[in-house]
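One-letter residues, chain by chain:
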Protein chains: 2
Amino acid sequence: MKPKQISGEAPLGVVVPLEDARDPSESLKPMLDLVAEDMGGINRIILDKAISDVDLIPELAHHLIDSGGKRLRPMLTIAAAKLVGFTGTSHIRVAAAVEFMHTATLLHDDVVDESNTRRGKRAARMIWGNQASVLVGDFLLGQAFRMLVEVGSLPVLRILSNAAAVIAEGEVMQLAAAKNTSTTEDAYLAIIDAKTAALFSGAAESGAAIANRPTEELDALRSYGKNLGISFQLIDDALDYSGDAARLGKSIGDDFREGKITLPVILSYRRGSDKERAFWNRTIAAGDIQDGDLETAIQLMKKHKAIESTLERARTYGAIARDALGVFPASPERDAMREVITFCVNRTH
Amino acid sequence: MKPKQISGEAPLGVVVPLEDARDPSESLKPMLDLVAEDMGGINRIILDKAISDVDLIPELAHHLIDSGGKRLRPMLTIAAAKLVGFTGTSHIRVAAAVEFMHTATLLHDDVVDESNTRRGKRAARMIWGNQASVLVGDFLLGQAFRMLVEVGSLPVLRILSNAAAVIAEGEVMQLAAAKNTSTTEDAYLAIIDAKTAALFSGAAESGAAIANRPTEELDALRSYGKNLGISFQLIDDALDYSGDAARLGKSIGDDFREGKITLPVILSYRRGSDKERAFWNRTIAAGDIQDGDLETAIQLMKKHKAIESTLERARTYGAIARDALGVFPASPERDAMREVITFCVNRTH
């Protein structure tokens, strides 16, 4: 099925008022300021390590690397290292490796999901093919481990090799649950805990592990990253049915058209009538999507407050992430890391 | 294009007399005896680490793991560790990780090559799909690094993370050269040096690295593995046009039908007339394969002695591998590792 443009003038999607009246990007600013200098170093390493004699590798890698992702995950590594007072420089290489791991995942994800676009550009697989996307993803993952080995911290290697396996496990779980409308909320949370939250968690924990900080601090940062990651993914899920998706280069309803099971669907299905469940089974499970079905899906979500509940859940995980940082004394770093939660929860794209 | 059965009673393929009149599997026996006990440990670890709550992972992984590969690469790690007198047990975990890396590569290869069979069974992607093959490959690679981090040897991590990146780089090189009949022998050697020889080399070197042996020994084992790997791949290439391929579960001509550039094709193209080059361009480059084309391809290889030359090259790399072990004093371990070269060069499937 090809994505369709939705006709009509009425605003599409569930409109939910923001908790915080400020522009959400203001909440990202303290973090951006905190990590600005180190992010320059990360960018240099990324450019350097995406080099290969095989032209296809830098071409394809740059397509994605240059496409303006927020680089939230490496920011978490940098911020965590600063939070615990790390004074070395190796956190920058760890953060660059985290971004490579993320980029590898995106390349493979787009192949698995058969996505046509990524960050508002054509997905790499649409330009260079699925084969190149699989192999360049493998290369970037290999490079990430090479960089981590160069840094030489076994605790960091343990955290991030663990994350790599768990992410893949989560992706397989998602594939196995695909189009299964009876997926439970618990099963879904286990999926996003693995496929999304594991790298947020590993990114944050690594920042303290590189500084050889005590277990209590590692645990706190792991919990922060994990809950922020779950919150981040739930907001993503909600935005696909409600957000200012055009600004993200996505159109509303991508998940719907791909038959993806996300929390808004799970809740609508659980709270729905038999007739409504038949609708979800036809569209999401059987993939038979007609004109007007996306509007119906959004209507059902409104009726059952599925988006509101998804956002509520996201705010709860955000609150857990916030509290996780409570073991650290107040500092500008801690504030910045907490503000990022606000950004993630309130973002509109 | 679907594989076709070749009709006719005449023996297909180039028949090349063996250098060594013995059954090639006899040359594998000293190695099998040497590693037998440790291979039991490897098998237990492999079974244990392919476990996941996500059913699809062990199902798919076992399909490949149980399908009776020779496990040549982990054998090299074990043998190298024994050669240098390592008395610990961690080489077994390193060897299991090597096999996981290899299995991950096979899963991704079959997706990239669109192969239908692997080791005489249906390829995993034909049963569980390309998506699951990509993701379970990622999981196995993640598990491999996890296992290596558990072992905790940074030199081994350096060697094998390097191998992971180089293998992927080689696969991308191969993809970029696909169907390009003007690929040079040098370019082709660079491809197989990366995609095949890097893991043989990393497997052998790791066996000594885990024992913290001096650089001279690491270099020797790296060279042994690299040249053995190149030799192994060249023999594979030759067997696809000449071997007892049915015993490997392959049919003669798989590479031809997939339009793969291998050394027999490169040599036939270089040595051929304009008319012959037009044949290779139509079949390999343009993928227009008719009945009788495989027979013609084999005929041209016979005419230009392309298989003989490929085998000759393979024997040369085998000889380099043999000499590389010269820095080690004579021992049953060294003999077994040298006999493996004989096995690889003389095998008929």
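Residues numbered from 1 in each chain as written. Chains lettered and ligands numbered in written order. Predicted model: local features only at pLDDT ≥ 70, side-chain atom pairs only at ≥ 80, totals over all residues.

### Structural notes on the overall build of chain A
Phase 1 of the analysis: Across its full length, chain A carries 14 helices and 2 strands.
Phase 2 of the analysis: Radius of gyration (C-alpha) of chain A: 20 Å, near the 20 Å computed for a compact globule of 349 residues.
Phase 3 of the analysis: In terms of overall dimensions, chain A has C-alpha extents of about 60 × 50 × 35 Å along its principal axes.
Phase 4 of the analysis: For chain A, the share of sequence-separated contacts (at least 6 apart) that also reach a separation of at least 24 residues comes to 77%. (Helix = DSSP H or I, 4+ residues; strand = E, 2+ residues; numbered from the N terminus. Rg over C-alpha atoms; globule rule 2.2 N^0.38 Å. Contact = placed C-beta atoms within 7 Å.)

### Some details on unusual backbone geometry
All names here are of chain B.
Phase 1 of the analysis: Phi angles above zero are rare outside glycine, and lysine 179 is one such case at about 65°.
Phase 2 of the analysis: In this fold, lysine 179 is placed in the loop between α6 (154-177) and α7 (185-209).
Phase 3 of the analysis: Positioned with a positive phi, lysine 305 is a non-glycine residue whose angle comes to about 50°.
Phase 4 of the analysis: Along the chain, lysine 305 turns up in the loop between α12 (293-303) and α13 (306-324).

### A short note on helix α8 (residues 215-242) of chain A
Phase 1 of the analysis: Here α8 of chain A is 28 residues long and its end C-alpha atoms lie 40 Å apart, about the 40 Å a rise of 1.5 Å per residue gives.
Phase 2 of the analysis: Most of α8 of chain A sits out of view: 23 of its 28 residues are buried. (Expected span 1.5 Å × (residues − 1). Buried ≥ 20, exposed ≤ 12 C-beta atoms within 10 Å, placed from the backbone.)

### Some words on the relation of the copies chain B and chain A
Phase 1 of the analysis: When chain B is fitted to chain A, the best match, at an RMSD of 0.0 Å, comes from turning it 180° and sliding it 0.0 Å along the axis. The operation mapping one copy onto its partner corresponds to a two-fold rotation axis. Minimal C-alpha distance to the rotation axis in chain B is attained by valine 134 of chain B, lying at 3.7 Å.
Phase 2 of the analysis: Mapped onto chain A, 100% of the interface residues of chain B are again interface residues, and the two copies thus contact each other with one and the same surface. (Least-squares fit on C-alpha atoms with pLDDT ≥ 70 in both.)

### Here's the deal with the interface of chain B and chain A
Phase 1 of the analysis: Listed by partner, the interface residues are 35 residues for chain B and 35 residues for chain A.
Phase 2 of the analysis: Where the side of chain B that touches chain A is concerned, the elements lending two or more residues are α2 (56-65), α4 (90-113), α5 (124-151) and α6 of chain B.
Phase 3 of the analysis: Ranked by the residues each element gives to the side of chain B that touches chain A, the list is headed by α6 of chain B, at 14 residues.
Phase 4 of the analysis: Class assignment of the residues belonging to the side of chain B that touches chain A gives a composition of 22 nonpolar, 8 polar and 5 charged. (Nonpolar A, V, L, I, M, F, W, Y, C, P; charged D, E, K, R; others polar.)

### Quick look at the environment of phenylalanine 100 of chain B
Residues and elements named next belong to chain B.
Phase 1 of the analysis: For phenylalanine 100, the position within the fold is in helix α4.
Phase 2 of the analysis: Look at phenylalanine 100 and you get buried, because 28 C-beta atoms sit within 10 Å.
Phase 3 of the analysis: Separated by 42 residues in sequence, phenylalanine 100 and glycine 142 have C-alpha atoms that sit 9.2 Å apart.
Phase 4 of the analysis: What phenylalanine 100 contacts, discounting residues up to four positions off in sequence, is Leu140, Gln143 and Ala144.

### Focus on the nonpolar core
Phase 1 of the analysis: Core analysis: the biggest nonpolar cluster contains 233 residues, and Ala79 of chain A together with Ala79 of chain B have the highest contact counts within it.
Phase 2 of the analysis: Among the elements that make up this core, the one with the highest residue count is α5 of chain B (14 residues).
Phase 3 of the analysis: Setting aside chain neighbours within four positions, we find alanine 79 of chain A in contact with Met31, Leu34, Val35, Gly207, Glu333, Ala336 and Met337 of chain A. (Core = buried A, V, L, I, M, F, W, Y, C linked by C-beta atoms within 7 Å.)

### Observations concerning the packing of helix α1 (residues 25-49) of chain A against helix α3 (residues 72-83) of chain A
Residue and element names in this part refer to chain A.
Phase 1 of the analysis: Packing of α1 against α3 leaves a shortest axis separation of 9 Å and a crossing angle of 110°. The angle between α1 and α3 places the two elements in the roughly perpendicular class. On the side of α1, the interface is formed by Met31, Leu34, Val35, Asp38 and Ile42, while α3 contributes Pro74, Met75, Ile78, Ala79 and Lys82.
Phase 2 of the analysis: Of the residues assigned to the contact of α1 with α3, the class counts are 8 nonpolar, no polar and 2 charged. (Axes fitted to C-alpha atoms, helices over the stretch in contact; angles between N-to-C directions. Parallel < 35°, antiparallel > 145°, perpendicular 65-115°, else oblique.)

### Focus: the packing of helix α6 (residues 154-177) of chain A against α5 of chain B
Phase 1 of the analysis: Packing of α6 of chain A against α5 of chain B leaves a shortest axis separation of 8 Å and a crossing angle of 160°. Here α5 of chain B runs roughly antiparallel to α6 of chain A, going by the angle between their axes. In this structure, α6 of chain A meets α5 of chain B at a crossing whose hand is left-handed. Residue-level contacts link Leu154, Leu157, Arg158, Ser161, Asn162, Ala164, Ala165, Ala168, Glu169, Glu171, Val172 and Leu175 of chain A of α6 of chain A to Gln131, Ala132, Leu135, Val136, Asp138, Phe139, Gly142, Gln143, Phe145, Arg146 and Val149 of chain B of α5 of chain B.
Phase 2 of the analysis: Its residues assigned to classes, the contact of α6 of chain A with α5 of chain B comprises 13 nonpolar, 5 polar and 5 charged. (Left-handed = near helix turned anticlockwise from the far one by under 90°.)

### Remarks on the environment of leucine 28 of chain B
Residues and elements named next belong to chain B.
Phase 1 of the analysis: Structurally, leucine 28 is set in helix α1 (residues 25-49).
Phase 2 of the analysis: Separated by 189 residues in sequence, leucine 28 and glutamate 217 place their C-alpha atoms 23 Å apart.
Phase 3 of the analysis: Each residue touching leucine 28, except ones within four places of it in the same chain, is listed here: Val340 and Phe343.

### Observations concerning the confidence of the model for chain A
Residues and elements named next belong to chain A.
Phase 1 of the analysis: Averaged over every residue, the pLDDT of chain A is 90; residues scoring 70 or more account for 91%.
Phase 2 of the analysis: In the model of chain A, strand β1 (residues 117-118) stands out as the element of lowest mean pLDDT, 80, in contrast to α3, which has the highest, 98.
Phase 3 of the analysis: Taken over the whole predicted complex, pTM reads 0.90, whereas the ipTM for its chain interfaces reads 0.88. (pLDDT = per-residue confidence, 0-100.)

### As for α4 of chain B
Residues and elements named next belong to chain B.
Phase 1 of the analysis: For α4, which comprises 24 residues, the first-to-last C-alpha distance of 35 Å matches the rise-based estimate of 34 Å (1.5 Å per residue) to within 8%.
Phase 2 of the analysis: Taking burial as the measure, the 24 residues of α4 include 23 buried ones, the bulk of the element.
Phase 3 of the analysis: Following α4 by one or two positions, glutamate 114 has its phi on the positive side, about 55°.

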